[in-house]
Amino acid sequence: MHINPYGTYAVQLGVDLFNSPPRTAEELGRRCVDAGLVVDSVPTDADLVDARAFLDEWVAIVDAETDEGRAQILNGLLARASAYPRLTNHADDGWHMHYRDPNIELGSVVRALVSVGTALHLSGRGMSRLGRCAAEDCDTVFADVSRTGRQRYCGTVCSNRDAVRRHRARAAIAG
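(A) Molecular detail of the packing of helix H3 (residues 45–63) against helix H4 (residues 67–81). Where H3 contacts H4, the two axes come as close as 8 Å, and the packing angle between them is 150 degrees. When the axis of H3 is compared with that of H4, the two are roughly antiparallel. Here H3 and H4 pass one another in a crossing that is left-handed. Here H3 contributes Phe54, Glu57, Trp58, Ala60, Ile61 and Val62 to the contact with H4, which in turn contributes Arg70, Ile73, Leu74, Leu77 and Arg80. Across the contact of H3 with H4, the residue classes tally to eight nonpolar, no polar and three charged.

As structure tokens, then:
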């Protein structure tokens, strides 16, 4: 199975922006750059609104109950967000694929990048590789990039806290 790193960084950008929504257009731009995206324009408030509206739609993929449901939702997002694939060296950083039209606003770039990245992530790693944390008091979204594909928690803090909770529950029953 080939795993495309384009999908990984793009889906992780979507997860990051969803879990901790940017408060300003400047923050959106900075976080996109920090994630490795070349931002060609000054981010605007309209970009922020567009990106946040997209992420509100995108999370339905995470919450879909079946692979078919995930695919259907994602296909709808892809149809509205992406263009034909094209090679580009727009930033003189090497030739790579873009799945969007050139010279579009940052909100639309986020929409196309995260949609295509999510499709590559799910098709390359497995349709169940997006989820919400299994801890009772956490609903954080995660993209499973583990080797085994069995991630259940958003991170070690929730995993450890849930293990302690289960241990204490068993001890209370036994004692």
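Alright, that's what it looks like, and here's the rest.
(B) Examining the layout of surface pockets more closely. Considered as a void within the structure, the largest pocket measures approximately 160 Å³ in volume. In this structure, the largest pocket is lined by 11 residues; those nearest its centre are Tyr9, Gly36, His90, His96 and His98. Counting residues per element, the ones that place at least two in the lining of the largest pocket are helix H1 (5–19) and strand S2 (96–98). A class-by-class count of the residues in the lining of the largest pocket yields five nonpolar, four polar and two charged.

(C) Region of the structure containing the packing of aromatic side chains. Evaluation of the coordinates by the stated rule reveals one aromatic pair. With 6.4 Å between their ring centres and 55 degrees between their planes, phenylalanine 18 and tryptophan 58 make a pair best called tilted. In this pair, phenylalanine 18 is assigned in helix H1 and tryptophan 58 in helix H3, connecting sequence segments 40 residues apart. Each of the two residues, phenylalanine 18 as well as tryptophan 58, counts as buried. Sitting above the plane of the tyrosine 84 ring, arginine 86 keeps its charged end 3.9 Å from the centroid.

Definitions and limits used
- Residues numbered from 1 in each chain as written.
- Predicted model: local features only at pLDDT ≥ 70, side-chain atom pairs only at ≥ 80, totals over all residues.
- Heavy atoms only, no water.
- Axes fitted to C-alpha atoms, helices over the stretch in contact; angles between N-to-C directions.
- Helix = DSSP H or I, 4+ residues; strand = E, 2+ residues; numbered from the N terminus.
- Parallel < 35°, antiparallel > 145°, perpendicular 65-115°, else oblique.
- Left-handed = near helix turned anticlockwise from the far one by under 90°.
- Contact = heavy atoms within 4.5 Å.
- Nonpolar A, V, L, I, M, F, W, Y, C, P; charged D, E, K, R; others polar.
- 1 Å grid on protein atoms, 1.4 Å probe; cavity = no way out; pocket = protein on both sides within 12 Å on 5 of 7 lines; lining within 4 Å.
- Points joined across faces, edges and corners; volume = space filled by probe spheres on them.
- Phe/Tyr/Trp six-rings, centres within 6.5 Å; stacked < 30°, edge-to-face > 60°.
- Buried < 20%, exposed > 50% of the residue type's maximum accessible area, 1.4 Å probe, protein only.
- Lys NZ or Arg CZ within 6 Å of the ring centre and 35° of its normal.

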